[in-house]
Amino acid sequence: MKKVIGAFEKVLVSGMDNLTFTTPEVVAKIDTGAFSGVIHAENITETDGILQFDLLGDEKLRLETRNFRTRKVRNTHGGVKKRYLVSLKISIDGEEYETLLGLDDRRKMRFEMLLGRAFLNKFEVMVDTHKNIELDKEWKKMGVKQ
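Before going into details, it helps to say that this report is about the structure given with it. Each chain has its residues counted from 1, running along the sequence as written. In view of the model being predicted, local features appear only for residues whose pLDDT reaches at least 70, and side-chain atom pairs are presented and counted only at 80 or more, with totals across whole chains, interfaces and linings using the full set of residues. Just so you know, side-chain values use all the structure's heavy atoms and leave hydrogens and water out.

**Examining the overall build of the protein chain**
Labels follow the DSSP assignment, with helices taken as runs of H or I lasting at least four residues and strands as runs of E lasting at least two, numbered in each case from the N terminus. When helices and strands are tallied, the protein chain shows 2 helices and 12 strands. If you list the helices and strands of the protein chain from N to C, you get β-β-β-β-β-β-β-β-β-β-β-α-β-α. Whereas a compact globule of 146 residues would reach a radius of gyration of roughly 15 Å, the protein chain reaches 15 Å, a difference of no more than 12%. Principal-axis analysis of the C-alpha atoms gives the protein chain an extent of 55 × 35 × 30 Å. Using a 1.4 Å probe on the protein chains alone, a residue whose accessible area is under 20% of its type maximum counts as buried, one over 50% counts as exposed, and one in between counts as partly exposed. Counting all 146 residues of the protein chain, 42% fall into the buried class. The globule rule used here is 2.2 Å times the number of residues to the 0.38 power, and the radius of gyration it is set against is calculated over C-alpha atoms.

And the structure:
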């Protein structure tokens, strides 16, 4: 049976490479319109093959890895930019996954994390938009009026 998650999920990030750590809970948007996922990071630098970044903008979660790759991504306005991708261990509803996520400064975005179709397909996850509807601020504000 396939796992069913909501359009919004509480996510914990618990590791990268051989590191184990726990982040504060993040509400992620499950974005079926996006192929890949992304997580908020700041101070992203690459020097001599080592990628460093502050996960979720937290200096206490300053991470570094040699295990990364890059790809060009297109934003909603048609612009293209280079994005670093790292494999992170995440937990949703007590179930753990290791997934490739892009790093990007999302301070101005509504959600610190997006999970796209690559995650959904890899782990055979389906989305029920009614599940966890209490996490959807737009629904709280506008849903009844629809």
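**Some details on the nonpolar core**
Across soluble globular proteins, nonpolar side chains have a tendency to be buried as a group. Here, nonpolar core refers to any group of buried Ala, Val, Leu, Ile, Met, Phe, Trp, Tyr and Cys residues whose side-chain atoms link them within 4.5 Å. Counting 29 residues, the largest nonpolar core has Ile39, Phe53, Leu55, Ile90, Met113 and Phe119 as its most contacted members. For this core, the leading source of residues is strand β9 (residues 80-92), giving 5 residues. In what follows, a contact means two residues having at least one pair of non-hydrogen atoms within 4.5 Å. Residues in contact with Phe53, not counting those within four places in the same chain, are Met16, Ala41, Glu42, Asn43, Ile44, Leu61, Arg62, Leu63, Val86 and Leu103. Counting 6 residues, the second-largest nonpolar core is a separate cluster that includes Ala7, Phe111, Leu114 and Leu135.

**A short note on the environment of Asp105**
By the element assignment, Asp105 lies in the loop between β10 (95-104) and β11 (113-115). Apart from the residues within four sequence positions on either side, Asp105 is in contact with His40, Ala41 and Glu42. Identification of polar contacts relies on pairs of N or O atoms within 3.5 Å, with a donor-acceptor requirement for protein atoms, meaning one able to donate a hydrogen and the other able to accept it, and with residues adjacent in sequence counted only if both atoms are side-chain atoms. At a separation of 2.4 Å, a polar atom in the side chain of Asp105 contacts the side chain of Arg107.

**Some points on the pairing of strand β6 (residues 50-55)**
In this structure, strand β5 (residues 37-47) lies alongside β6, joined through 5 bridges in antiparallel fashion. By the bridge assignment, Thr45 is partnered in β6 with Gln52. In this description, strands pair whenever DSSP reports at least two bridges between them. From the end of β5 to the start of β6, which pair antiparallel, there are 2 residues, and Asp48 there has a positive phi angle of about 50°. In the sheet, β6 pairs with strand β7 (residues 62-65) via 4 bridges, with the strands oriented antiparallel. Each bridged residue has a counterpart across the sheet, and for Leu51 the counterpart in β7 is Thr65. Two successive antiparallel strands, β6 and β7, enclose a turn made up of 6 residues, where Leu56 displays a positive phi of approximately 60°.

**Structural notes on the layout of surface pockets**
Using protein atoms alone on a 1 Å grid, points that fit a 1.4 Å probe yet trap it form a cavity, whereas open point sets bounded by protein on both sides within 12 Å along at least five of seven lines form a pocket; residues with an atom within 4 Å of a point count as lining. Grid points are joined across faces, edges and corners, and a volume is the space filled by probe spheres set on the points. In this model, the largest pocket occupies a volume close to 710 Å³. Lining the largest pocket we find 26 residues, and of these Asp31, Thr76, Arg106, Met109 and Leu114 sit closest to its centre. Put simply, the parts of the chain that give the lining of the largest pocket at least two residues each are β5, β8 (69-74) and β9. The element that contributes the greatest number of residues to the lining of the largest pocket is β8, accounting for 3 residues. Charged residues are taken to be Asp, Glu, Lys and Arg, nonpolar residues to be Ala, Val, Leu, Ile, Met, Phe, Trp, Tyr, Cys and Pro, and polar residues to be all remaining types, Gly included. Tallied by class, the residues present in the lining of the largest pocket amount to 8 nonpolar, 6 polar and 12 charged.

**With respect to the side chain of Arg83**
Mapped onto the elements of the fold, Arg83 is located in strand β9. With residues up to four places along the chain from it excluded, the contact list for Arg83 reads Val38, Arg69, Thr70, Arg71, Val73, Gly102, Leu103 and Asp104.

Just distances and angles here, no functional claims.
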